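# Structure assessment
Residues per chain, in single letters:
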Amino acid sequence: MKKTLTYLAISTLVVTSILPVSQHVSAEGVGSLNQKINELKEEKSDISQQKNSITNKANETAEKIEKNKEKQEEVTSEINQIDNQLEVTQNKVAAKETEIAATESEIKKTETEIKDTEEDIVALKEEIKKVKERIEEREELLKNRLRAIQKSGGDLSYFEVLMGASSFGDFINRATAVNKIMDQDKEIMESQKKDKESLESNQKELEDKQASLEANREGLVSKKASLETQKQELSNLQASLNQQLSSKQSLKSELKEEEQHLEEYKISMEEERRVLANQQAIIDKAIQDAKKEKERVEQLAKEQSSANNGTSTTPSTSTGGSSSFIRPTSGYISSHFGSRSLGYHYGLDFAAGAGTPIYAVADGVVTRSEYSSSYGNVVYIYHASLNKTTVYAHMVSRPSVSYGQSVSQGTQIGGVGNTGNSFGNHLHFEVHNGGWSYHGGINPLPFLP
Ligand SMILES: [Zn+2]
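These lines cover the structure that appears in this document, whether it is placed above or below.

Here is what the cut-offs are and how they apply
- All chains use their own residue numbering, which begins from 1 and follows the written sequence.
- At least 70 in pLDDT is required for a residue's local features to be given in this predicted model, at least 80 for side-chain atom pairs to be given and counted, and no such filter applies to totals for whole chains, interfaces and linings, which use all residues.
- Remark: hydrogens and water are excluded; side-chain values derive from all non-hydrogen atoms of the structure.
- Relative accessibility under 20% of the residue-type maximum defines a buried residue, over 50% an exposed one, and the middle range a partly exposed one, all with a 1.4 Å probe and only protein chains included.
- Secondary structure elements follow DSSP: runs of H or I of four or more residues count as helices, runs of E of two or more count as strands, with numbering from the N terminus.
- Just to be clear on terms, a salt bridge is a Lys or Arg side-chain nitrogen sitting within 4 Å of an Asp or Glu carboxyl oxygen.
- Pairs were defined over the aromatic rings of Phe, Tyr and Trp, the Trp ring being its six-membered one, requiring ring centres within 6.5 Å. Orientation was assigned from the angle between planes: stacked under 30 degrees, edge-to-face over 60, tilted for the rest.

## A closer look at unusual backbone geometry
If you check the backbone angles, Asn-387 has positive phi at about 50° while not being a glycine. Exposure remark for Asn-387: the relative accessible area of 23% places this residue in the partly exposed category. A positive phi angle, near 65°, is found at His-394, a position not held by glycine. Tracing the sequence through the fold places His-394 in strand β8 (residues 388-395).

Next up, the structure:
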C-alpha cells in the first residue's frame, strides 16, 4: 500500500472517522461534516500560528548566529594582534638578553684588565723599592769615600792611594783616577734617580689607568642592571600578553560551541517547520475532501427526499476510528518518559531484539521517513483524526513506509534497531500534540493499552 498522499487516503481517513458506515443520509451527517470542516480549519490556523512562531524563532536564531560569527571574527583579529605583539616582545627580550650577555663579557674583560693593572702596579712598586735601596746603598758608599778624602788619619784608602805616588806625574794620575771613581759613583746615582722617577711616573700612569678601568666597570655594571630591569618589564608584558591570549582563545572556543548549539537549534526549527508544512498540506486536502463529501451527501439527500420519504435508520453514534493506540512493538519498557540521569527523556523506550516488528499505533499519514544523525532511521506518522504525531526512532534499517504514504493501525513500518544516537537495540517512541516539535513530546503511556 504505497500510496502517496492522495485524495483517497485523506478522504478515507477523515470521513471514516466521522461518518458511520451507513447508506442512509441524514442531516446529522451533514452537520458532523460541517463540524469536522470547522475543526480542521481550527487545526490549520493553530498550525499556521505554530509555523509563524517557529519562523520567528528561526529568524532570531539566525540573527544570533550572525552576531556570534561577528564576535568570533572580532576575537580572532584580537588574537592575531596579541600574537603580533607577543612576537615583537619576544624579539625584544631576545635582543636584551644578547645585550646583557655582551655587557657581562665586557665587565669580565674590564675586571681582567683591572687585575692585570693591579699586578703591574705591585711589580712596579717592588722595582721602585729595589731602585730606592740601590740608591741608598750608593749614597752611603759615596759619603764614605768623601769622608775618607776630607779626613786624614781615619779611613785612609784614598789618601794612601795618593801618598803612595812615586812621582808628581804618578800623583796626578792617581788623583785623576780617584776623581773618576767619584764621578762614576755620581753618574750611577744620577741614572738610578732617573730610573726611580720614570718608574714612579709609570706607577702613576698605571694607577690612573686602574681608576679609569674601575669607573668603566661601574658604568658597565649599572648598564647591566638597567638592561635587566628592561628585560624584566618585557617579560612581564609577555606574561600578560600570554594571559590575554589564552583568555581570548577560550572565549573563541566558547563562541564556537555556542554557534554549534545555535546551528543545531536552527536545524531543528527548520525540521519542525517542514513537518508543520506537511501537516498543513494534509489538512488542506482533508478540508477539500470533507467539502466534496458534504456536497455529495447533500446531493444524495435531495435525491432521496424527492424520491420517497423513506424511514431513515438512526446512525451509530460511534465516532469511528481509533481513539487510542496499540503498542508499537513487543518487548518491555526500558525507559519511561520524564527526567533521567542523561537529561529529560521526551519519549518511551521499548527494549527488544534487532528486527522486532514496529507497528503504526493508529491510522495516519507518514510525514517523515529517513535517516537522521540523532534518531537514526526514523518514521513520523500524523494521525489527523486524533491531531497527534507519533515518532518511531533508531530502526534497524530503512523504514518500509515512505513519506506521504497512508498507513493503517497495525501496519508494520520497520524493525527495532540501534541506529543514530542509540546505545543498544530499542524503539524510542514519541507522541506529540499536533505536529512534531523540538522537545515537544508528551507522555505516550496514557495512550497505550
Ligand atoms: Zn528514548
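That covers the picture; the talk isn't over yet.
## Remarks on the pattern of salt bridges
For the structure on display, the rule yields 15 salt bridges. Residue Lys-248 pairs with Glu-78 through a salt bridge whose shortest N-O separation is 2.9 Å. One end of the pair, Lys-248, is in helix α4 (residues 168-307); the other, Glu-78, is in helix α2 (residues 27-150), and 170 residues separate them in sequence. Taking relative accessible area as the criterion, Lys-248 reaches 22% and is therefore assigned partly exposed. Judged by relative accessible area, which is 28%, Glu-78 ranks as partly exposed. For the salt bridge of Glu-370 with Arg-368, the shortest nitrogen-to-oxygen distance reads 2.7 Å. Look at Glu-370 and you get partly exposed, because its relative accessible area is 26%. Ionic contacts of the salt-bridge type, sharing partners, join the residues Glu-111, Glu-214, Arg-217 and Glu-218 into one network.

## A few points about the packing of aromatic side chains
Scanning the entire structure with this criterion turns up six aromatic pairs. Plain terms: the ring middles of Phe-325 and Phe-447 are 5.7 Å apart, the flat faces sit at 40° to each other, and that makes the pair tilted. You can see Phe-325 sitting in the loop between α4 and β1 (332-335) and its partner Phe-447 sitting in the segment after β11 (426-433), a full 122 residues away along the chain. On the basis of relative accessible area, Phe-325 is assigned to the buried category, the value being 3%. Centre to centre, the rings of Tyr-344 and Tyr-346 are 4.9 Å apart; their planes meet at 50°, and the pair counts as tilted.

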